[in-house]
Amino acid sequence: MKECDDARFFCFFNALNMKLTKLHSLVGLTALLLATGCTAKQPSSCTNHFWEGQAPVITNPNLAKKTAMLCFEGYAVMHSGISRTPLWSAEHLTAQRIEDAQQLKRVNSFHAEEQLPTADRAELVDYVRSGFDRGHMAPNGDMPTSNAQYESFSLANMIPQHPKNNQILWEGIEETARNMAREDKDIYVVTGPIFEGSNLERLNGRVLVPTFVFKAIYDPVRKQAAAYVTPNAPGMAYQTLSIAELEKCVGMNVFPKLPAEIKAVKMNLPAPRPHGGRGGKNKPVEVDSFERQ
Amino acid sequence: MSSFTPYQNEEQSLAIDDMTVENRLDRITVYGSVELTRDQSGLQHARALKEVIDAVVAVLEQDKNLPAQVELKPTDQVKNPFA
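Along each chain, numbering runs from 1 in the same order as the chain's sequence is written. To read the labels, note that chains go from A and ligands from 1, taken in the order they are written. Selection of residues for local features in this predicted model requires a pLDDT of at least 70, selection of side-chain atom pairs for listing and counting requires 80 or more, and totals for whole chains, interfaces and linings are taken over all residues. To get the side-chain values, take all heavy atoms of the structure and skip hydrogens and water.

A.B. asks: Whenever I open this one, the state of the cysteines confuses me. Can you help?
C.D. replies: By definition, a disulfide links the sulfur atoms of two cysteines through a covalent bond. Residues and elements named next belong to chain A. The term disulfide is used for any two cysteine sulfur atoms that are within 2.5 Å. On inspection of all chains with the given rule, the structure shows one disulfide over all chains. Each sulfur of the disulfide joining Cys46 and Cys71 lies 1.8 Å from the other. With the S-S bond torsion at -100 degrees, the cross-link from Cys46 to Cys71 turns out left-handed. Taken as a pair, Cys46 in the loop between α2 (24-41) and β1 (57-58) and Cys71 in strand β2 (residues 67-71) lie far apart in primary sequence, 25 residues in all. Judged on exposure class, the residue Cys46 and its partner Cys71 are both buried. Counting from the N terminus, the helices are DSSP H or I runs at least four residues long and the strands are E runs at least two residues long. Relative accessible area decides the class of each residue, using a 1.4 Å probe on protein chains only: under 20% of the type maximum gives buried, over 50% gives exposed, and in between gives partly exposed.

A.B. asks: Any chance you could explain the pairing of β2(A) here in plain terms?
C.D. replies: In the case of a regular strand, side chains alternate between the two sheet surfaces. All names here are of chain A. Here the rule is simple: two strands pair whenever DSSP picks up at least two bridges between them. For β2 and strand β3 (residues 76-80), the ladder comprises five bridges, and the chain directions are antiparallel. Counterpart to Met69 in the pairing with β3 is Met78. Linking two consecutive strands that pair antiparallel, namely β2 and β3, is a turn of four residues.

A.B. asks: Please explain the sheet that holds strand β10 (residues 207-208) of chain A as it appears in this structure.
C.D. replies: Ordered by their spatial adjacency, three strands build an open sheet running β10(A)-β9(A)-β4(B), and the pairing between neighbours is antiparallel. Two strands bound the open sheet, and with one partner strand each, they are β10 of chain A together with β4 (76-79) of chain B. Relative to β10(A), strand β9 (residues 199-203) of chain A runs antiparallel, the two sharing two bridges. When the sheet's bridge partners are listed, Leu203(A) is paired in β10(A) with Val207(A).

A.B. asks: Would you mind showing me how to read the interface of chain B and chain A here?
C.D. replies: How large an interface is tends to be reported as the accessible area lost when its parts come together. With 31 residues of chain B at the contact, the number on the chain A side is 41 residues. Note on definitions: buried area is the accessible-area loss of two parts on being combined, 1.4 Å probe, summed for both. Carbon and sulfur atoms make up 50% of the surface buried where chain B meets chain A, a total of about 3200 Å² over both sides. The term salt bridge refers to a side-chain nitrogen of Lys or Arg lying within 4 Å of a carboxyl oxygen of Asp or Glu. If you look at where chain B meets chain A, you find two salt bridges. Asp76(B) serves as the salt-bridge partner of Arg202(A), at 2.7 Å between the closest nitrogen and oxygen. In the analysis that follows, any N or O atom pair within 3.5 Å is treated as a polar contact, provided that within protein one partner can donate a hydrogen and the other can accept it, and provided that, for residues neighboring in sequence, both atoms belong to side chains. Applying the counting rule to chain B against chain A returns 15 residue pairs in polar contact (both at pLDDT 80 or more). Among the secondary structure elements, those contributing two or more residues to the side of chain B that touches chain A are β1 (12-16), β2 (18-23), β3 (28-33) and β4 of chain B. Following the grouping adopted for this structure description, the nonpolar residues are Ala, Val, Leu, Ile, Met, Phe, Trp, Tyr, Cys and Pro, the charged ones are Asp, Glu, Lys and Arg, and the polar ones are all others, Gly among them. Residues belonging to the side of chain B that touches chain A are distributed by class as follows: nine nonpolar, nine polar and 13 charged. Of the pairings in the sheet, the one linking strand β5 (residues 108-109) of chain A to β1(B) comprises two bridges and is antiparallel in character. Pairing of Ser109(A) across the sheet is with Gln12(B), part of β1(B). Whether two residues touch is decided by their heavy atoms; if any such pair falls within 4.5 Å, the residues are in contact.

Right, dumping it as C-alpha coordinates:
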(Lines give C-alpha, C1' and ligand atoms only; values in the text may rest on other atoms or scores of the structure.)
Protein backbone atom coordinates (compact mmCIF):
# COMPACT_ATOMS: atom_id res chain seq x y z
CA MET A 1 0.00 0.00 0.00
CA LYS A 2 1.36 3.38 -1.02
CA GLU A 3 1.24 6.07 1.64
CA CYS A 4 -0.62 9.26 0.86
CA ASP A 5 2.47 11.40 1.10
CA ASP A 6 4.05 9.38 -1.71
CA ALA A 7 6.09 11.72 -3.90
CA ARG A 8 3.95 10.93 -6.96
CA PHE A 9 1.06 13.10 -5.85
CA PHE A 10 0.13 15.60 -3.25
CA CYS A 11 -2.34 14.31 -0.73
CA PHE A 12 -4.76 16.64 0.94
CA PHE A 13 -4.99 14.77 4.24
CA ASN A 14 -1.48 13.91 5.39
CA ALA A 15 -2.21 14.30 9.10
CA LEU A 16 -5.46 12.41 8.88
CA ASN A 17 -3.92 9.52 7.03
CA MET A 18 -1.26 9.07 9.68
CA LYS A 19 -4.03 8.88 12.23
CA LEU A 20 -5.95 6.43 10.08
CA THR A 21 -2.94 4.14 9.80
CA LYS A 22 -2.65 4.02 13.59
CA LEU A 23 -6.35 3.43 14.03
CA HIS A 24 -6.47 0.88 11.26
CA SER A 25 -8.39 -1.87 13.06
CA LEU A 26 -10.83 0.56 14.68
CA VAL A 27 -11.48 2.23 11.34
CA GLY A 28 -12.07 -1.14 9.73
CA LEU A 29 -14.65 -1.96 12.37
CA THR A 30 -16.30 1.47 12.04
CA ALA A 31 -16.46 1.04 8.27
CA LEU A 32 -18.14 -2.33 8.71
CA LEU A 33 -20.67 -0.93 11.18
CA LEU A 34 -21.35 2.05 8.95
CA ALA A 35 -21.79 -0.14 5.93
CA THR A 36 -24.33 -2.27 7.80
CA GLY A 37 -26.10 0.79 9.21
CA CYS A 38 -26.32 2.47 5.80
CA THR A 39 -27.65 -0.63 4.09
CA ALA A 40 -30.39 -0.96 6.69
CA LYS A 41 -31.50 2.69 6.34
CA GLN A 42 -31.16 2.73 2.58
CA PRO A 43 -34.53 3.00 0.81
CA SER A 44 -34.75 0.70 -2.21
CA SER A 45 -34.89 3.57 -4.71
CA CYS A 46 -31.41 4.62 -3.60
CA THR A 47 -29.59 1.56 -4.84
CA ASN A 48 -29.90 2.41 -8.58
CA HIS A 49 -27.47 5.28 -8.07
CA PHE A 50 -24.64 3.03 -6.85
CA TRP A 51 -22.33 0.56 -8.57
CA GLU A 52 -23.66 -2.91 -7.61
CA GLY A 53 -26.23 -1.16 -5.40
CA GLN A 54 -23.69 -0.32 -2.68
CA ALA A 55 -23.48 3.24 -1.31
CA PRO A 56 -20.07 4.81 -0.61
CA VAL A 57 -18.82 4.00 2.89
CA ILE A 58 -17.25 6.67 5.09
CA THR A 59 -14.11 5.36 6.79
CA ASN A 60 -13.02 8.53 8.65
CA PRO A 61 -15.03 8.39 11.91
CA ASN A 62 -15.01 12.20 12.25
CA LEU A 63 -16.62 12.54 8.83
CA ALA A 64 -19.33 10.01 9.75
CA LYS A 65 -20.80 12.06 12.62
CA LYS A 66 -24.27 13.60 12.18
CA THR A 67 -24.69 12.21 8.67
CA ALA A 68 -27.95 11.39 6.90
CA MET A 69 -28.42 9.66 3.56
CA LEU A 70 -31.13 11.03 1.30
CA CYS A 71 -32.43 9.43 -1.87
CA PHE A 72 -33.72 11.41 -4.81
CA GLU A 73 -34.86 10.47 -8.29
CA GLY A 74 -31.58 11.45 -9.96
CA TYR A 75 -29.04 11.00 -7.18
CA ALA A 76 -28.38 9.90 -3.63
CA VAL A 77 -26.51 12.07 -1.15
CA MET A 78 -24.78 11.68 2.21
CA HIS A 79 -25.35 14.92 4.08
CA SER A 80 -23.27 16.12 7.03
CA GLY A 81 -24.93 18.10 9.81
CA ILE A 82 -21.44 19.28 10.80
CA SER A 83 -20.39 20.91 7.52
CA ARG A 84 -24.05 21.38 6.43
CA THR A 85 -22.97 20.17 3.01
CA PRO A 86 -23.03 16.85 1.19
CA LEU A 87 -20.06 14.53 1.73
CA TRP A 88 -20.82 12.62 -1.46
CA SER A 89 -23.47 12.63 -4.17
CA ALA A 90 -23.85 9.48 -6.28
CA GLU A 91 -25.36 9.13 -9.75
CA HIS A 92 -25.72 6.51 -12.45
CA LEU A 93 -25.43 8.24 -15.83
CA THR A 94 -26.60 6.67 -19.07
CA ALA A 95 -26.54 8.01 -22.63
CA GLN A 96 -30.35 8.17 -22.62
CA ARG A 97 -30.42 10.08 -19.34
CA ILE A 98 -27.98 12.70 -20.67
CA GLU A 99 -30.03 13.08 -23.86
CA ASP A 100 -33.21 13.60 -21.80
CA ALA A 101 -31.40 16.10 -19.56
CA GLN A 102 -30.15 18.07 -22.58
CA GLN A 103 -33.70 18.58 -23.85
CA LEU A 104 -35.01 19.81 -20.53
CA LYS A 105 -34.13 23.45 -19.84
CA ARG A 106 -36.24 25.33 -17.37
CA VAL A 107 -36.51 27.72 -14.48
CA ASN A 108 -35.47 26.25 -11.16
CA SER A 109 -35.22 27.07 -7.46
CA PHE A 110 -32.47 26.60 -4.93
CA HIS A 111 -34.06 25.44 -1.66
CA ALA A 112 -33.21 24.25 1.85
CA GLU A 113 -33.68 20.50 2.34
CA GLU A 114 -36.93 20.02 4.30
CA GLN A 115 -36.14 16.36 5.04
CA LEU A 116 -33.21 17.39 7.26
CA PRO A 117 -33.51 18.74 10.83
CA THR A 118 -33.28 22.56 10.76
CA ALA A 119 -30.22 22.54 13.02
CA ASP A 120 -28.31 20.30 10.59
CA ARG A 121 -29.15 21.84 7.23
CA ALA A 122 -27.95 24.87 5.29
CA GLU A 123 -30.43 27.64 4.57
CA LEU A 124 -30.42 30.01 1.58
CA VAL A 125 -29.55 32.86 3.97
CA ASP A 126 -26.26 31.11 4.90
CA TYR A 127 -24.96 31.79 1.37
CA VAL A 128 -26.24 35.38 1.06
CA ARG A 129 -23.46 37.89 0.24
CA SER A 130 -20.87 35.16 0.79
CA GLY A 131 -19.22 35.50 -2.61
CA PHE A 132 -19.54 31.72 -3.01
CA ASP A 133 -21.70 29.86 -5.53
CA ARG A 134 -24.09 27.16 -4.38
CA GLY A 135 -22.17 24.48 -6.27
CA HIS A 136 -24.11 21.34 -7.25
CA MET A 137 -22.35 18.06 -6.49
CA ALA A 138 -24.79 16.01 -8.61
CA PRO A 139 -25.15 18.54 -11.47
CA ASN A 140 -28.46 19.86 -12.76
CA GLY A 141 -27.19 19.11 -16.28
CA ASP A 142 -27.37 15.37 -15.50
CA MET A 143 -31.02 15.44 -14.44
CA PRO A 144 -33.48 13.88 -16.92
CA THR A 145 -36.87 15.02 -15.53
CA SER A 146 -38.34 18.21 -14.03
CA ASN A 147 -38.61 16.51 -10.66
CA ALA A 148 -35.01 15.28 -10.75
CA GLN A 149 -33.86 18.78 -11.74
CA TYR A 150 -35.78 20.41 -8.91
CA GLU A 151 -34.36 17.90 -6.41
CA SER A 152 -30.81 18.66 -7.61
CA PHE A 153 -31.33 22.26 -6.39
CA SER A 154 -31.62 21.07 -2.76
CA LEU A 155 -28.96 22.66 -0.55
CA ALA A 156 -28.26 19.09 0.63
CA ASN A 157 -26.55 18.73 -2.78
CA MET A 158 -24.61 22.04 -2.58
CA ILE A 159 -21.22 23.16 -1.31
CA PRO A 160 -19.91 26.72 -1.05
CA GLN A 161 -17.90 26.63 -4.28
CA HIS A 162 -15.63 29.35 -5.62
CA PRO A 163 -17.39 30.86 -8.67
CA LYS A 164 -14.24 30.67 -10.80
CA ASN A 165 -14.00 26.94 -10.06
CA ASN A 166 -17.71 26.12 -10.33
CA GLN A 167 -18.42 28.04 -13.51
CA ILE A 168 -15.34 27.15 -15.56
CA LEU A 169 -13.06 24.20 -14.74
CA TRP A 170 -15.63 22.29 -12.69
CA GLU A 171 -18.31 22.76 -15.34
CA GLY A 172 -15.81 21.31 -17.84
CA ILE A 173 -15.29 18.25 -15.61
CA GLU A 174 -19.07 17.76 -15.32
CA GLU A 175 -19.37 17.93 -19.11
CA THR A 176 -16.53 15.42 -19.48
CA ALA A 177 -18.46 12.95 -17.31
CA ARG A 178 -21.55 13.46 -19.48
CA ASN A 179 -19.48 12.83 -22.60
CA MET A 180 -18.22 9.56 -21.13
CA ALA A 181 -21.84 8.53 -20.48
CA ARG A 182 -22.76 9.50 -24.06
CA GLU A 183 -19.90 7.42 -25.49
CA ASP A 184 -19.90 4.36 -23.23
CA LYS A 185 -23.66 4.40 -22.45
CA ASP A 186 -23.25 3.79 -18.75
CA ILE A 187 -21.07 5.24 -15.94
CA TYR A 188 -21.23 5.57 -12.15
CA VAL A 189 -20.18 8.88 -10.60
CA VAL A 190 -19.48 9.90 -7.00
CA THR A 191 -18.83 13.62 -6.43
CA GLY A 192 -17.92 15.37 -3.21
CA PRO A 193 -16.00 17.95 -1.24
CA ILE A 194 -12.67 17.49 0.53
CA PHE A 195 -12.00 19.34 3.79
CA GLU A 196 -8.22 19.57 4.14
CA GLY A 197 -6.02 21.32 6.68
CA SER A 198 -6.21 22.27 10.34
CA ASN A 199 -8.58 25.22 9.82
CA LEU A 200 -11.55 25.76 7.54
CA GLU A 201 -13.45 28.80 6.33
CA ARG A 202 -17.11 28.99 7.43
CA LEU A 203 -20.12 30.89 6.03
CA ASN A 204 -22.54 32.64 8.37
CA GLY A 205 -21.15 30.69 11.33
CA ARG A 206 -22.79 27.56 9.85
CA VAL A 207 -21.55 26.15 6.52
CA LEU A 208 -17.99 24.84 6.06
CA VAL A 209 -16.12 25.68 2.87
CA PRO A 210 -14.35 22.67 1.29
CA THR A 211 -10.75 23.06 0.18
CA PHE A 212 -10.97 20.64 -2.78
CA VAL A 213 -13.64 18.96 -4.89
CA PHE A 214 -13.48 15.44 -6.36
CA LYS A 215 -15.40 13.52 -9.01
CA ALA A 216 -14.84 9.76 -9.12
CA ILE A 217 -15.97 7.86 -12.22
CA TYR A 218 -16.35 4.11 -12.81
CA ASP A 219 -16.90 2.99 -16.37
CA PRO A 220 -18.25 -0.60 -16.37
CA VAL A 221 -17.82 -0.85 -20.17
CA ARG A 222 -14.06 -0.30 -19.92
CA LYS A 223 -13.92 -1.78 -16.39
CA GLN A 224 -11.76 1.21 -15.43
CA ALA A 225 -12.06 4.03 -12.92
CA ALA A 226 -10.35 7.26 -11.84
CA ALA A 227 -11.08 10.61 -10.21
CA TYR A 228 -10.62 14.29 -10.96
CA VAL A 229 -9.59 16.57 -8.07
CA THR A 230 -9.51 20.39 -8.18
CA PRO A 231 -8.87 23.05 -5.52
CA ASN A 232 -12.03 24.95 -4.52
CA ALA A 233 -10.35 28.09 -5.82
CA PRO A 234 -9.79 29.99 -9.08
CA GLY A 235 -7.46 28.38 -11.59
CA MET A 236 -7.35 25.69 -14.25
CA ALA A 237 -5.16 23.11 -12.48
CA TYR A 238 -6.61 19.65 -11.83
CA GLN A 239 -5.27 16.29 -10.73
CA THR A 240 -6.33 12.81 -11.72
CA LEU A 241 -6.00 9.97 -9.20
CA SER A 242 -6.70 6.26 -9.10
CA ILE A 243 -9.67 5.35 -6.92
CA ALA A 244 -7.26 3.73 -4.43
CA GLU A 245 -5.29 7.00 -4.17
CA LEU A 246 -8.48 9.06 -3.82
CA GLU A 247 -10.01 6.83 -1.16
CA LYS A 248 -6.93 7.08 1.06
CA CYS A 249 -7.16 10.86 0.87
CA VAL A 250 -10.90 11.44 1.27
CA GLY A 251 -11.60 9.05 4.16
CA MET A 252 -14.27 7.12 2.31
CA ASN A 253 -14.71 4.09 0.13
CA VAL A 254 -16.39 5.62 -2.94
CA PHE A 255 -17.10 2.40 -4.87
CA PRO A 256 -17.19 -0.34 -2.17
CA LYS A 257 -17.95 -3.17 -4.63
CA LEU A 258 -15.17 -2.28 -7.05
CA PRO A 259 -12.33 -4.87 -7.09
CA ALA A 260 -8.98 -3.66 -5.70
CA GLU A 261 -7.24 -4.27 -9.04
CA ILE A 262 -9.58 -1.79 -10.79
CA LYS A 263 -9.18 0.75 -7.98
CA ALA A 264 -5.39 0.48 -8.21
CA VAL A 265 -5.12 1.48 -11.89
CA LYS A 266 -5.95 5.02 -12.95
CA MET A 267 -8.20 5.22 -16.00
CA ASN A 268 -7.00 7.73 -18.58
CA LEU A 269 -9.38 10.65 -18.02
CA PRO A 270 -9.88 13.19 -20.81
CA ALA A 271 -8.85 16.81 -20.27
CA PRO A 272 -11.94 18.85 -19.32
CA ARG A 273 -13.10 21.25 -22.01
CA PRO A 274 -15.08 24.06 -20.36
CA HIS A 275 -17.94 25.10 -22.65
CA GLY A 276 -16.67 23.22 -25.64
CA GLY A 277 -13.14 24.62 -25.49
CA ARG A 278 -14.16 28.26 -25.24
CA GLY A 279 -12.34 30.28 -22.62
CA GLY A 280 -9.38 31.55 -24.59
CA LYS A 281 -5.82 31.04 -23.40
CA ASN A 282 -6.76 29.56 -20.06
CA LYS A 283 -6.93 25.85 -20.78
CA PRO A 284 -7.25 23.22 -18.05
CA VAL A 285 -3.87 21.83 -17.07
CA GLU A 286 -3.24 18.51 -15.34
CA VAL A 287 -0.75 18.69 -12.47
CA ASP A 288 0.93 16.11 -10.20
CA SER A 289 0.34 18.18 -7.07
CA PHE A 290 -1.22 21.48 -6.09
CA GLU A 291 0.66 24.44 -4.68
CA ARG A 292 -0.14 24.83 -1.00
CA GLN A 293 -2.67 27.61 -0.59
CA MET B 1 -39.49 34.64 -17.42
CA SER B 2 -41.33 37.80 -16.42
CA SER B 3 -41.12 36.51 -12.86
CA PHE B 4 -37.33 37.03 -12.88
CA THR B 5 -36.90 40.15 -10.78
CA PRO B 6 -33.15 40.72 -10.36
CA TYR B 7 -31.66 40.98 -6.85
CA GLN B 8 -34.96 40.00 -5.24
CA ASN B 9 -34.22 36.45 -4.07
CA GLU B 10 -31.55 33.77 -3.70
CA GLU B 11 -33.60 31.04 -5.35
CA GLN B 12 -34.08 31.44 -9.07
CA SER B 13 -31.95 29.71 -11.67
CA LEU B 14 -32.71 30.05 -15.38
CA ALA B 15 -31.28 28.08 -18.29
CA ILE B 16 -30.83 29.82 -21.66
CA ASP B 17 -29.28 27.24 -23.98
CA ASP B 18 -26.12 26.21 -22.03
CA MET B 19 -26.10 29.47 -20.12
CA THR B 20 -27.10 29.65 -16.46
CA VAL B 21 -28.52 32.78 -14.85
CA GLU B 22 -28.83 32.82 -11.05
CA ASN B 23 -30.62 35.40 -8.96
CA ARG B 24 -28.82 36.50 -5.78
CA LEU B 25 -29.44 39.45 -3.48
CA ASP B 26 -26.03 40.99 -4.21
CA ARG B 27 -25.43 39.81 -7.77
CA ILE B 28 -26.82 38.14 -10.86
CA THR B 29 -24.54 35.29 -11.85
CA VAL B 30 -24.40 34.54 -15.58
CA TYR B 31 -22.16 31.78 -16.90
CA GLY B 32 -21.94 29.13 -19.58
CA SER B 33 -22.42 29.57 -23.29
CA VAL B 34 -25.28 30.29 -25.63
CA GLU B 35 -25.50 29.90 -29.41
CA LEU B 36 -27.57 32.69 -30.93
CA THR B 37 -28.16 30.81 -34.16
CA ARG B 38 -29.87 32.56 -37.07
CA ASP B 39 -33.08 30.61 -36.56
CA GLN B 40 -36.16 30.44 -34.31
CA SER B 41 -34.29 29.06 -31.29
CA GLY B 42 -31.58 31.73 -31.71
CA LEU B 43 -34.24 34.44 -31.56
CA GLN B 44 -35.83 32.82 -28.52
CA HIS B 45 -32.48 32.64 -26.67
CA ALA B 46 -31.59 36.22 -27.66
CA ARG B 47 -34.92 37.52 -26.34
CA ALA B 48 -34.56 35.58 -23.08
CA LEU B 49 -31.04 36.93 -22.58
CA LYS B 50 -32.11 40.49 -23.45
CA GLU B 51 -35.01 40.29 -21.01
CA VAL B 52 -32.64 39.34 -18.19
CA ILE B 53 -30.02 41.97 -19.05
CA ASP B 54 -32.64 44.72 -19.52
CA ALA B 55 -34.13 43.92 -16.11
CA VAL B 56 -30.67 43.97 -14.48
CA VAL B 57 -29.72 47.30 -16.08
CA ALA B 58 -33.07 48.83 -15.06
CA VAL B 59 -32.63 47.86 -11.39
CA LEU B 60 -29.01 49.06 -11.29
CA GLU B 61 -29.84 52.36 -13.00
CA GLN B 62 -32.68 53.06 -10.57
CA ASP B 63 -30.49 52.43 -7.52
CA LYS B 64 -29.36 55.88 -6.36
CA ASN B 65 -27.01 54.44 -3.74
CA LEU B 66 -25.07 52.05 -5.92
CA PRO B 67 -21.74 51.36 -4.17
CA ALA B 68 -18.45 51.16 -6.08
CA GLN B 69 -18.20 47.53 -5.04
CA VAL B 70 -20.63 45.17 -3.38
CA GLU B 71 -19.82 44.31 0.23
CA LEU B 72 -19.38 40.68 1.18
CA LYS B 73 -20.25 39.23 4.55
CA PRO B 74 -16.97 38.11 6.16
CA THR B 75 -16.44 34.40 6.78
CA ASP B 76 -14.81 33.05 9.92
CA GLN B 77 -12.20 30.33 10.47
CA VAL B 78 -12.84 27.21 12.54
CA LYS B 79 -10.79 24.17 13.50
CA ASN B 80 -11.34 21.41 10.94
CA PRO B 81 -13.81 19.03 12.67
CA PHE B 82 -12.99 16.22 10.20
CA ALA B 83 -9.19 16.20 10.65
